[in-house]
Amino acid sequence: TVPELLAPPRGMATQQSTLPKLTLEKFPAEGSYSALSVTLVADGSGAELVGAVQVSRVGDLTQLDVAKPAGLVKGVYSVRISLVDSGGTKAVTHAGFTVYDGFAPKVVKSG
């Protein structure tokens with residue numbers, strides 16, 4: 001079975017040190033997969049950034065804590081979670097993940 005991403009995060013500020021937690025169901029048991037990666041693919045340029053991943057379990061759900069990849073800048077990315085197990089490579093992709101400057105001024109109310 002292919003893991004399913006629950007309530008995918010919509011974005012993060014460039015100042016954060018980790019991505020928002022990624023929560024999945026139908027994730028293989030610890031030790032049953034040989035490789036796991038979380039890649040951010042920049043829309044338009046196709047540049048790929050990979051962050052270090054820590055896996056934790058909460059009941060039937062799996063949470064991935066991903067360190068902010070080096071070189072992450074403002075923009076829109078697709079988040080791809082890939083793993084290799086006895087059934088081959090399985091991937092889940094979430095498009096529209098926005099990275100923004102958390103210190104940039106925002107218009108709260110106009111006029």
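Use the structure listed above.
Residues numbered from 1 in each chain as written. Predicted model: local features only at pLDDT ≥ 70, side-chain atom pairs only at ≥ 80, totals over all residues. Heavy atoms only, no water.

## A word on the packing of aromatic side chains
Operational definition: Each aromatic pair joins two rings of Phe, Tyr and Trp (for Trp, the six-membered one) with centres within 6.5 Å, and gets the label stacked for planes under 30 degrees apart, edge-to-face for over 60, and tilted for any other angle.
Per the stated rule, a full pass over the model turns up one aromatic pair. Seen in terms of ring centroids, Phe 27 and Tyr 33 are 5.5 Å apart; in terms of plane orientation they differ by 75°. Their pairing is edge-to-face.

## Remarks on the sheet that holds strand E7 (residues 61-66)
Cut-off, in case you're wondering: Paired strands, in this sense, are two strands between which DSSP finds at least two bridges. A run of H or I in DSSP becomes a helix once it reaches four residues, and a run of E becomes a strand once it reaches two; helices and strands are each numbered from the N terminus. Only the stretch in contact is used when fitting a helix axis, every axis being a line fitted to C-alpha atoms; angles between N-to-C directions are given from 0 to 180 degrees.
The strand order across the open sheet formed by four strands is E1-E3-E7-E6, and the pairing between neighbours is antiparallel. Two strands in the sheet have a free side with no partner beyond their single neighbour: strand E1 (4-6) and strand E6 (53-58). Going from strand to strand, the sheet's axes swing by 35° on average, the running direction of each strand aside. Taken together, the three bridges between E1 and strand E3 (residues 22-25) define a ladder with antiparallel strand orientation.

## Comments concerning the pattern of salt bridges
Selection rule: Every case where a carboxyl oxygen of Asp or Glu lies within 4 Å of a side-chain nitrogen of Lys or Arg is listed as a salt bridge. The buried label goes to any residue with under 20% of its type's maximum accessible area, the exposed label to any with over 50%, and the partly exposed label to all in between, with areas taken from a 1.4 Å probe on protein chains only.
What the rule picks out here adds up to four salt bridges. Its salt-bridge partner being Asp 65, residue Lys 21 comes within 2.7 Å of it at the nearest N-O pair. Here Lys 21, found in the loop between strand E2 (11-13) and E3, pairs with Asp 65, found in strand E7; they are 44 residues apart in sequence, far enough to count as distant. Lys 21 sits in the partly exposed class, given a relative accessible area of 44%. By relative accessible area, Asp 65 is classed as partly exposed at 25%.

## Thoughts on the sheet that holds strand E4 (residues 33-42)
Sheet architecture is open: five strands sit in the order E2-E9-E8-E4-E5, paired in mixed fashion. Here the strands that pair on one side only, and so sit at the sheet edges, are E2 and strand E5 (48-51). Across the sheet, the axes of successive neighbouring strands diverge by a mean angle of 35°, strand direction being ignored. Note that E2 and strand E9 (residues 88-100) share three bridges and pair parallel. When the bridges of E9 are listed, Gly 11 appears paired with Thr 98.

## What about the pairing of E6?
Where E6 and E7 come together, six bridges link them in antiparallel fashion. Bridging from a neighbouring strand, Val 58 pairs with Leu 61 of E7. Linking E6 to E7, which pair antiparallel, is a turn of two residues; within it Gly 59 sits at a positive phi near 65°.

## Thoughts on the nonpolar core
Quick note on the threshold: We define the nonpolar core as a collection of buried residues of types Ala, Val, Leu, Ile, Met, Phe, Trp, Tyr and Cys that are connected through side-chain atoms lying within 4.5 Å of one another.
Residues Leu 22 and Leu 64 are the most contacted members of the largest nonpolar core, which totals 21 residues. Only E3, E4, E7, strand E8 (75-85) and E9 provide two or more residues apiece to this core.

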